[in-house]
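Remarks on the overall topology
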Amino acid sequence: MLNLKKDKKNIAKVILAIMVAAFLFTFIPQVFAQGEASITNMDGIIKGSEDTPNITIGDFAVSIAKTTGIYAFITNVHEKKTPAGEDITVFGWQELFMILVGLVIIYLGGAKNFEPLLLLPIGFGTVFVNIPFGGMGEAHGFLNIIYEAGVGNEFFPLIIFMGIGALTDFGPLIANPKTALLGAAAQFGVFGTMFGVAAFNLIPGFNFTMEDAGAISIIGGADGPTTIYVAAKLAPHLLATVAVAAYSYMALVPIIQPPIMKLLTSEHERKIKMRQLREVGKVEKILFPMMSILLTILLIPAAGPLIGCLMFGNFIREIGVVERLSKTMQNELLNIVSIFLSLGVGSQMTPEKFMNPASISIVVLGLVAFAIATATGVLFAKFMNLFLKEKVNPLIGSAGVSAVPMAARVSNKVGLESDPGNFLIMHAMGPNVAGVIGTAIAAGVLIAAYAK
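Scope of this entry: the structure provided in the associated data block.

Conventions adopted
Residues numbered from 1 in each chain as written. Predicted model: local features only at pLDDT ≥ 70, side-chain atom pairs only at ≥ 80, totals over all residues. Heavy atoms only, no water. Phe/Tyr/Trp six-rings, centres within 6.5 Å; stacked < 30°, edge-to-face > 60°. Helix = DSSP H or I, 4+ residues; strand = E, 2+ residues; numbered from the N terminus. Buried < 20%, exposed > 50% of the residue type's maximum accessible area, 1.4 Å probe, protein only. Expected span 1.5 Å × (residues − 1). Contact = heavy atoms within 4.5 Å. Axes fitted to C-alpha atoms, helices over the stretch in contact; angles between N-to-C directions. Parallel < 35°, antiparallel > 145°, perpendicular 65-115°, else oblique. Nonpolar A, V, L, I, M, F, W, Y, C, P; charged D, E, K, R; others polar. Core = buried A, V, L, I, M, F, W, Y, C linked by side-chain atoms within 4.5 Å. Left-handed = near helix turned anticlockwise from the far one by under 90°. Polar contact = N/O pair within 3.5 Å; in protein donor to acceptor, adjacent residues only side chain to side chain. Pairing = 2+ DSSP bridges. Patch = residues over 30% accessible without salt bridge, like charges linked within 9 Å, V, L, I, M, F, W, Y side chains within 5 Å. Areas by Shrake-Rupley, 256 points an atom, 1.4 Å probe, with all protein chains shown as cover. Salt bridge = Lys/Arg side-chain N within 4 Å of Asp/Glu carboxyl O.

Under the counting rule described, the total for this entry stands at 7 aromatic pairs. Ring centres of Phe124 and Phe128 lie 5.9 Å apart, and the angle between their planes is 50°; on these two criteria the pair is classed as tilted. Of this pair, Phe124 and Phe128 both sit in helix H5 (residues 116-129), separated by 4 residues, roughly a single helical turn. Under the relative-accessibility criterion, Phe128 is labelled partly exposed at 26%.

Written out as structure tokens, the structure reads:
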């Protein structure tokens, strides 16, 4: 018997010899196999590759070159359909252009800090879906699975509303109920834009239905989940375009709103200071979501899913006996669904869906809707001041859009530019959360009127 301590080298040699013998025993018969590739028959065919065509080194190099992104961007030509179902030719350079758009979105989110929670996933989704030969947006691709799972229906939007409800403090609205009128005034952007959509039908080549008009005009509420929800109900073929427009304007609130606010207010109006809000009791905060749900059921049941999920999340927050559920809605659940929703929205930014006149007009109309919503909120606040003893700062009227809390922060920022000691954030949160409810109600009205 071998001495394990003294003969380790001999043991290794014996094991190696056994392995070599086993290899030769298996390999040698294959060497002399007839017709198959081997050491003695270099022109033979590898077993299992009988039907594979021969290819030269030159052909191999050409094939590799044709699978590069550079070649695809130069030569690719695809026949696709627009959201309206019309045939369109998409060229490789257009896919490259959309990738550059995605990189700009990533830059705005990452470098300029414009709502990075939204823009970063949207930007990467845009880049991913336009990668040549990547297939991430095709039938069984990663991004298409996300889109079909929750973006193209009401699943993700309603979960987002639960999370928003769990994050939202309705105290400023309860403490100053008249600010709800500012949230209502901002909805002029939604309904006013419907006339703009109708006007586009006077231009040859445009043919928007009332269902299309409803899906487009809701962009004015600056509420991505609500826009997706309404589009899925009224105009699914426009969902991709209106969703991207809504999320883009949500993220660009700090750029779009300040010029409109400053144009419509004087320096004196921007310096108006508002009295500190009263403290709202716990019972009031608990009753508010329940009363909102009941009123929705009685008056606008079509808005029930949106307002119901919003108030469900808020009730879980305020009741205080299920802290774990509240924290989950506010953090893990909301964050995960936001990532998927934003990636899904970005996955729709492809040339055939955006580089055509109809889609460009939707983006323009969405901007008009958002501008009207901002302006009417400010103007209505100025109108209210004609009758109020305690004046409201018109800047908080711009927060009547549904972009929470971005719009409230912008109101506060513009106010501080005029008076560094004038903090409007809590006052602006009143119309801001009212805008969330108002946009959901507007959505319910549109669905009740036009859904088939």
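This is not the end of the story, as more comes after the structure.
Compared with the 16 Å implied by 1.5 Å per residue over 12 residues, the 17 Å span of helix H14 (residues 253-264) between its first and last C-alpha is a close match. Every buried residue of H14 is listed here: Val253, Ile256, Gln257, Pro258, Ile260 and Met261. Where H14 is buried, its residues touch helix H13 (239-251), helix H20 (357-384) and helix H21 (406-418).

Glancing now at the packing of H13 against H14. Interhelical geometry of H13 versus H14 gives an angle of 65° and a closest axis separation of 5 Å. Accordingly, the angle class assigned to the pair H13 and H14 is roughly perpendicular. From H13, Tyr249, Met250 and Ala251 reach across to H14, where they touch Val253, Pro254 and Ile256. Of the residues that constitute the contact of H13 with H14, the class distribution is 6 nonpolar, no polar and no charged.

Among the nonpolar cores identified, the biggest contains 105 residues, and Phe170, Ile216, Ile219, Ile228, Tyr247 and Val401 are the most heavily contacted of them. Counting residues per element, this core draws most heavily on helix H22 (residues 425-450), at 11 residues. In this structure, Phe170 is in contact with Phe288, Leu310, Met311, Asn314, Val433 and Ile437, ignoring residues within four places of it in sequence.

This brings us to the environment of Leu181. For Leu181, the location among the structural elements is in helix H9 (residues 180-185). Sequence-wise, Leu181 and Pro431 are 250 residues apart; in three dimensions their C-alpha atoms are separated by 7.5 Å. Apart from the residues lying within four places of it in its own chain, the contact partners of Leu181 are Phe380 and Met384.

With that settled, consider the packing of helix H7 (residues 155-167) against helix H18 (residues 323-346). As a packed pair, H7 and H18 sit with axes 8 Å apart at the nearest point and diverge in direction by 145°. Crossing of H7 against H18: the hand is left-handed. Mapping the contact onto sequence places Phe156, Ile159, Ile160, Met162, Gly163, Ala166 and Leu167 in H7 and Ser326, Met329, Gln330, Leu333, Leu334, Val337, Ser338, Phe340 and Leu341 in H18.

For the rest of this paragraph, the subject is the side chain of Asn385. Mapped onto the secondary structure, Asn385 falls in the loop between H20 and H21. Polar side-chain contacts of Asn385 include one of 2.8 Å to the backbone nitrogen of Val392. Leaving out residues up to four positions away in the same chain, Asn385 has contacts with Ile272, Lys391, Val392 and Pro394.

Moving on: the pairing of strand S2 (residues 87-91). Only one face of S2 is covered, namely the face carrying Ile88 and Val90; the face carrying Asp87, Thr89 and Phe91 is uncovered. Pairing analysis gives 5 bridges linking strand S1 (residues 77-81) to S2, with the strands arranged antiparallel. Directly across from His78, in S2, lies its bridge partner Val90.

Residues Val283, Leu287, Met291, Leu294 and Ile297 make up a contiguous nonpolar surface patch of about 500 Å² in total accessible area. Residue classification places Leu294 among the partly exposed positions, given a relative accessible area of 47%.

Residue Pro405 is reached from Val404 by a cis peptide bond, and omega for that bond is -10°. Summarising the element assignment, Pro405 is placed in the loop between H20 and H21. Within the chain, Phe133 stands out as a residue other than glycine whose phi angle is a positive 65°. Locating Phe133 in the fold gives a position in the loop between H5 and helix H6 (142-151).

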